[in-house]
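# Summary of structural features
Take a look at the letters that make up each chain.
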Amino acid sequence: MGENQRYVGILLDTLEKKQGVLRDILLLTQDQEQVCKQDDYNEERMSELMNKKEVQIAKLNELDDGFDRVYSRVRLEVRDHKEEYKEEILKMQEYIRTCTDLGNAIMVLEDRNRSRIEQFFMGKKSEYKMSRAKTAVASNYLKTMNNTKVMSAYFVDKKK
């Protein structure tokens, strides 16, 4: 039973670390939201935040994998002896609730950020199209003007 108790302790530690990583991801997502809200989109800062977030997501996946491996070892023991692990189970449930809440908050922010970024790039796309259209008009005007033959004033005034 001592080994199983250690495994349950590892599960609790893993959930606590997962909660911390999710908080870090939430903070990074909030920073991304601030970048999205600014009038002058800072692509460099956004890229930096995305890289930091990618590292945190890798940690989160590692913690999830470790939790699953350890839980598969003690699942039957904990399920069969619920009273002995009652305190630990309650702590795990609380960590899981908090992690779920953090995950939901992150998803909501991600959706908002995604729509803001899409709007930003749609605006840039329309600006680019407008710029191309203006360039095409100017180019056509220059071609037209270069191909026309202007009558000189000499021929007009010669009738006198």
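Below you will find a few notes about this structure.

Rules used throughout
Residues numbered from 1 in each chain as written. Predicted model: local features only at pLDDT ≥ 70, side-chain atom pairs only at ≥ 80, totals over all residues. Heavy atoms only, no water. Axes fitted to C-alpha atoms, helices over the stretch in contact; angles between N-to-C directions. Helix = DSSP H or I, 4+ residues; strand = E, 2+ residues; numbered from the N terminus. Parallel < 35°, antiparallel > 145°, perpendicular 65-115°, else oblique. Left-handed = near helix turned anticlockwise from the far one by under 90°. Nonpolar A, V, L, I, M, F, W, Y, C, P; charged D, E, K, R; others polar. Phe/Tyr/Trp six-rings, centres within 6.5 Å; stacked < 30°, edge-to-face > 60°. Buried < 20%, exposed > 50% of the residue type's maximum accessible area, 1.4 Å probe, protein only. Salt bridge = Lys/Arg side-chain N within 4 Å of Asp/Glu carboxyl O. Core = buried A, V, L, I, M, F, W, Y, C linked by side-chain atoms within 4.5 Å. Contact = heavy atoms within 4.5 Å.

## Thoughts on the packing of helix α1 (residues 2-37) against helix α2 (residues 43-80)
In contact at an axis separation of 8 Å, α1 and α2 are set at 160° when each is read in the N-to-C sense. One element, α1, and the other, α2, form an angle in the roughly antiparallel class. You can see that α1 and α2 cross each other, and the crossing is left-handed. Partitioned by chemical class, the residues of the contact of α1 with α2 number 22 nonpolar, five polar and 11 charged.

## A short note on the packing of aromatic side chains
In total, this model carries one aromatic pair according to the counting rule given. Each ring, one from F67 and one from Y71, has its centre 6.0 Å from the other, and the planes form 5°; the classification is stacked. You can see F67 and its partner Y71 sitting in helix α2, four residues apart, about one turn around the helix. For F67, a relative accessible area of 15% corresponds to the buried category.

## Some words on the pattern of salt bridges
Enumeration according to the criterion identifies 11 salt bridges in this entry. Among the salt bridges present, the one from K52 reaches E48, with a minimum N-O distance of 3.5 Å. Of this pair, K52 and E48 are both found in helix α2, four residues apart, which corresponds to roughly one turn of the helix. Judged by its relative accessible area of 36%, E48 is partly exposed.

## Quick notes on the nonpolar core
Formed by Y7, V8, L11, L12, L15, F67, V70, V74, V78, Y85 and M92, the largest nonpolar core amounts to 11 residues. Sort the elements by how many residues they give to this core and α1 lands first, with five residues. Aside from chain neighbours lying at most four places away, what touches L12 is E88, K91, M92 and Y95.

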